[in-house]
Amino acid sequence: MAIIHYDVVFEKGSPGLLAIKEKLDQRMGLRTHLVKDSIERGYRWPHIGEVRESGTFECAECEDSDLEMTVGSEGVRISCVPSSTHPYFRESALAALIDLGGSFEANLHPFIQKKWSELSPAEKQVDWRGR
């Protein structure tokens, strides 16, 4: 089972998990559930800097998806297993970080411009569980 990491960098400091949750919920029109992890201070990761907080975002309404976020002093890392994270949830999380001032160089799927309730059945049923 592969874990994929996406790093979003910030020039003026990273937002906290609660700010990210609010932006993500607003963007998708759904309520996510956030479980914060306890972390040991003093770790520094490439691209995101000194680790400040970490947590798991879950979204039952978006096909029981989940992903982890680690907030550093200079960026946020999203970690997910493709078969347990709907692409809309993952891409919306990346878009929420960009909305909060982050920089991410890849193009995101156009469906992130819509709320979950506005997606067509085909957009909601993209072939993602087999990946």
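Residues numbered from 1 in each chain as written. Predicted model: local features only at pLDDT ≥ 70, side-chain atom pairs only at ≥ 80, totals over all residues. Heavy atoms only, no water.

(A) Looking closely at the packing of helix H1 (residues 17-28) against helix H2 (residues 87-99). Running from N to C, H1 and H2 point in directions that differ by 120°, and their axes come no closer than 9 Å. For the element pair H1 / H2, the angle class is oblique. As H1 runs across H2, the sense of the crossing is right-handed. For the pair formed by H1 and H2, the contact residues are Ile20, Lys23, Leu24, Arg27 and Met28 on the first element and Tyr88, Phe89, Ser92, Ala93, Ala95, Ala96, Leu97 and Asp99 on the second. By residue class, the composition of the contact of H1 with H2 is nine nonpolar, one polar and three charged. (Axes fitted to C-alpha atoms, helices over the stretch in contact; angles between N-to-C directions. Helix = DSSP H or I, 4+ residues; strand = E, 2+ residues; numbered from the N terminus. Parallel < 35°, antiparallel > 145°, perpendicular 65-115°, else oblique. Left-handed = near helix turned anticlockwise from the far one by under 90°. Contact = heavy atoms within 4.5 Å. Nonpolar A, V, L, I, M, F, W, Y, C, P; charged D, E, K, R; others polar.)

(B) Region of the structure containing the confidence of the model for the protein chain. With 95% of its residues at a pLDDT of 70 or more, the protein chain has an overall mean of 91. Ranking the elements of the protein chain by mean pLDDT puts helix H3 (residues 121-124) last, at 86, and H1 first, at 97. (pLDDT = per-residue confidence, 0-100.)

(C) The arrangement of the layout of surface pockets in detail. Here the largest pocket is characterised by a volume of approximately 160 Å³. Along the wall of the largest pocket there are 13 residues; nearest its centre are Ile3, Glu68, Ser79, Cys80 and Val81. Counting only elements with at least two residues in the lining of the largest pocket, the list comes to strand E5 (65-72) and strand E6 (75-80). The element contributing the most residues to the lining of the largest pocket is E5, with four residues. (1 Å grid on protein atoms, 1.4 Å probe; cavity = no way out; pocket = protein on both sides within 12 Å on 5 of 7 lines; lining within 4 Å. Points joined across faces, edges and corners; volume = space filled by probe spheres on them.)

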